[in-house]
Amino acid sequence: MVKLRARCVVVGDAAVGKSSLCHMFRSDGAVFQKNYNMTAGVELLEKSVSVPETSDSEFFIYDSPGRELFADACENVWGQPSVMCVVFDITCEASFTSCSRWVERVRSHCNGLQVPGVLVGNKCDLSFRREVDSAEARTWAQTHGFQYHETSAKEIGQFEAPFLSLAQMFHSIYQDQIHTIKNVL
Amino acid sequence: MLDSALNSYEALVVLATSSDENYPAENIIDGKTETFWISTGLFPQELIIRFTDNMKILTISIHSYNIKRLRIEMSTSEDADKFETIAETEFEQTESSLQTNDISVKVPNATHLRFVILSGYDHFVSVHKVGVQS
Ligand SMILES: Nc1nc2c(ncn2[C@@H]2O[C@H](COP(=O)(O)OP(=O)(O)OP(=O)(O)O)[C@@H](O)[C@H]2O)c(=O)[nH]1
Ligand SMILES: [Mg+2]
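Chain B is annotated in an unreviewed UniProt entry as Intraflagellar transport protein 25 homolog from Triplophysa tibetana. Quoted straight from UniProt, the Sequence similarities (unreviewed entry) entry for chain B says "Belongs to the IFT25 family." As its UniProt record puts it under Subunit (unreviewed entry), chain B is described as follows: "Component of the IFT complex B, at least composed of IFT20, IFT22, IFT25, IFT27, IFT46, IFT52, TRAF3IP1/IFT54, IFT57, IFT74, IFT80, IFT81, and IFT88. Interacts with IFT27. Interacts with IFT88."

As named in an unreviewed UniProt entry, chain A is Intraflagellar transport protein 27-like protein, taken from Triplophysa tibetana. Check the Sequence similarities (unreviewed entry) section of the UniProt entry for chain A; it says "Belongs to the small GTPase superfamily. Rab family."

Turning our eyes to something else, we now look at the sheet that holds strand 4 (residues 83-89) of chain A. Residues and elements named next belong to chain A. Strand order in the open sheet made by the six strands is 2-3-1-4-5-6, with mixed pairing throughout. Both edges of this open sheet fall to strand 2 (43-51) and strand 6 (147-150), since each of them pairs with a single strand only. Direction aside, neighbouring strands of the sheet carry axes that sit 25 degrees apart on average. Bridge count for strand 4 against strand 5 (residues 117-122) is six bridges, and the pairing is parallel. If you follow Asp-89 over to strand 5, its bridge partner there is Asn-122. Helix 1 (residues 18-26) contacts strand 1 (3-11), strand 2, strand 3 (55-63), strand 4 and strand 5 of the sheet and is inclined by roughly 50 degrees relative to strand 2. Along the sheet, helix 4 (residues 99-107) makes contact with strand 1, strand 4 and strand 5, crossing strand 4 at roughly 160 degrees.

As a further point, take the coordination of the magnesium ion (ligand 2). Put simply, the ideal angle at a metal is 109.5 degrees for four donors in tetrahedral geometry and 90 or 180 degrees for six donors in octahedral geometry. Residue and element names in this part refer to chain A. Listed as protein donors to the magnesium ion (ligand 2) are Ser-19 (OG) and Thr-39 (OG1); their distances from the metal cover 2.0 Å. Here the residue Ser-19 occupies a position in helix 1, and Thr-39 occupies one in the loop between helix 1 and strand 2, the gap between them amounting to 20 residues. Here Ser-19 matches Thr-39 in class, with each residue buried.

A few words on the site of ligand 1. Residues and elements named next belong to chain A. Taken together, the neighbourhood of ligand 1 is formed by 25 residues, with Lys-18, Ser-20, Gln-33, Tyr-36 and Thr-39 sitting nearest. Between ligand 1 and Val-16 there is a distance of 3.3 Å, counted from an oxygen atom to a backbone nitrogen or oxygen. Coverage of ligand 1 by the protein amounts to 92% of the 660 Å² it exposes when considered alone. Per-element accounting of the shell around ligand 1 gives the leading share, three residues, to helix 1. Considered class by class, the residues forming the shell around ligand 1 number nine nonpolar, 10 polar and six charged.

What counts, and where the lines are drawn
Residues numbered from 1 in each chain as written. Chains lettered and ligands numbered in written order. Predicted model: local features only at pLDDT ≥ 70, side-chain atom pairs only at ≥ 80, totals over all residues. Heavy atoms only, no water. UniProt positions renumbered as here; feature names shortened; annotations may be inferred. Pairing = 2+ DSSP bridges. Helix = DSSP H or I, 4+ residues; strand = E, 2+ residues; numbered from the N terminus. Axes fitted to C-alpha atoms, helices over the stretch in contact; angles between N-to-C directions. Contact = heavy atoms within 4.5 Å. Donors = N, O, S within 2.8 Å, 3.2 Å for Na, K, Ca; no water. Buried < 20%, exposed > 50% of the residue type's maximum accessible area, 1.4 Å probe, protein only. Near = heavy atom within 4 Å. Polar contact = N/O pair within 3.5 Å; in protein donor to acceptor, adjacent residues only side chain to side chain. Areas by Shrake-Rupley, 256 points an atom, 1.4 Å probe, with all protein chains shown as cover. Nonpolar A, V, L, I, M, F, W, Y, C, P; charged D, E, K, R; others polar.

Here it is as structure tokens:
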């Protein structure tokens, strides 16, 4: 089985739960931070993602700050992203509206390459305060060629899905590329 | 002039930063363009070829796909502890054919060549054949 390596950029507005998702994923659910610690610089986490019978991917996860004050300075750390994870908070309409801007921001570092993405509606354990309709988010994801996941960073069995999707999509690009090369020969 | 398979001159790929068992790095020195090594994500990527005899090299020819920037370095010592840059170049993108490039160098006696792929036109790049001429 092949081992791929990917740079996964995680973006979205402040306090939507990016760091929570990343840390829960990184630690297999061991640490949920109840208190909010604002991310000020990009935090790099490493994690192996297995897609059964398909591939292993080493993910270098760039957990980026949502606060505008820090965001600009951090973009340079991303390098050339392989995949992107755009997060919003389902209880905050404004964080969903920002997603297009976050995608554009990441795209400007992609040198025109196809970079697969997932849209993540986080905090779905707070659905009684929901402001963003699932159907609306799903439509947005489709128009951007993204997959849509709703998660709660608190629940095991939820925060893994977006990363698995990304690993799968990255692996298909790999296979497509091999296919293209073989056609050239 | 040595344009046939490098491995018949007892060259060996001693390091590759990516490995897919279906596309092993030895494929770059078997003299065939049909077999290849492919990177498995991120840049830079590195390949090191070791020669059993010191090699005098004037041209390095490379068949590849989607490589953008490439740096070539050589070492003259047995254990390859020091490398110096002998060429740095940018390949043009091709679509329906492989990239074929001949790079002129002045190498009096190398034990190793190191290829550092700095960037690509895609997430993944392939190297099909490396040849040297003296
Ligand atoms: N109820 C609930 N709270 C969450 C969830 N995810 C995160 N939180 C809380 O939301 C707050 C902000 O989470 P962070 O992960 O720090 O947010 P962030 O997106 O990294 O914020 P910045 O680093 O400022 O961009 C914290 O208090 C978390 O405990 C979730 O799924 N459900
Ligand atoms: Mg954070």
